[in-house]
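# Structural overview for review
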Amino acid sequence: MKELAQKFVGKECLVYTVASDSSVAKGTIKEITGSGLLIDCDGNLQAVNLEFVTRIREWPRKKNGKKKEIILD
């Protein structure tokens, strides 16, 4: 999972986890170290254990390039 997560560094992503209150961490992935990843959520840093990550998805965009506000999975 670490090697796959490296491809998302510097991109705005949705990180789905199994052990989180909201189960989704939203923000820009800053770095991957050891068994965790560091996410910047509007200036606040958040650390997520890679063992609990089930899915990483780049933030969906509209045709004009703007971020989608409503995301249906």
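Look above for the structure.
Predicted model only: the values in this text are computed from it and were never measured.

Calculation criteria
- Residues numbered from 1 in each chain as written.
- Predicted model: local features only at pLDDT ≥ 70, side-chain atom pairs only at ≥ 80, totals over all residues.
- Heavy atoms only, no water.
- Helix = DSSP H or I, 4+ residues; strand = E, 2+ residues; numbered from the N terminus.
- Buried < 20%, exposed > 50% of the residue type's maximum accessible area, 1.4 Å probe, protein only.
- Areas by Shrake-Rupley, 256 points an atom, 1.4 Å probe, with all protein chains shown as cover.
- Contact = heavy atoms within 4.5 Å.
- Core = buried A, V, L, I, M, F, W, Y, C linked by side-chain atoms within 4.5 Å.
- Pairing = 2+ DSSP bridges.

To continue, consider the overall build of the chain. Counting its secondary structure elements, the chain contains one helix and five strands. Each helix (α) and strand (β) of the chain, taken in turn from the N terminus, gives the series α-β-β-β-β-β. The buried share among the 73 residues of the chain stands at 30%. With the model as given, the accessible surface of the chain reaches about 5,100 Å², and the carbon-plus-sulfur share is 48%.

Here we take up the environment of Ser 23. Summarising the element assignment, Ser 23 is placed in the loop between strand E1 (12-17) and strand E2 (24-33). Residues Ser 23 and Thr 54, 31 residues apart in the sequence, show an inter-C-alpha distance of 9.8 Å. Residues within four places of Ser 23 in sequence aside, it is in contact with Val 15, Tyr 16 and Thr 17.

To continue, consider the nonpolar core. Residues Val 15, Ile 29, Leu 37, Ile 39, Val 53 and Ile 56 are the most contacted members of the largest nonpolar core, which totals 14 residues. Among the elements of the structure, E1, E2, strand E3 (36-41) and strand E5 (53-58) are those that each provide at least two residues to this core. If we skip the residues at most four places from it in the chain, Leu 37 touches Val 15, Ile 29, Glu 31, Ile 32, Gln 46, Ala 47, Val 48, Leu 50 and Val 53.

Next up on the list: the pairing of E3. A regular strand carries its side chains on alternate faces of the sheet. When E2 meets E3, the two strands line up antiparallel, connected through five bridges. Each residue of the ladder has a partner; that of Ile 32, found in E3, is Leu 37. The antiparallel hairpin formed by E2 and E3 contains two residues in its connecting segment, where Gly 34 sits at a positive phi of about 55 degrees. Here E3 folds back onto strand E4 (residues 44-49) in antiparallel fashion, the turn holding two residues, of which Asp 42 has a positive phi close to 55 degrees.

Nothing here speaks to function; it is geometry throughout.
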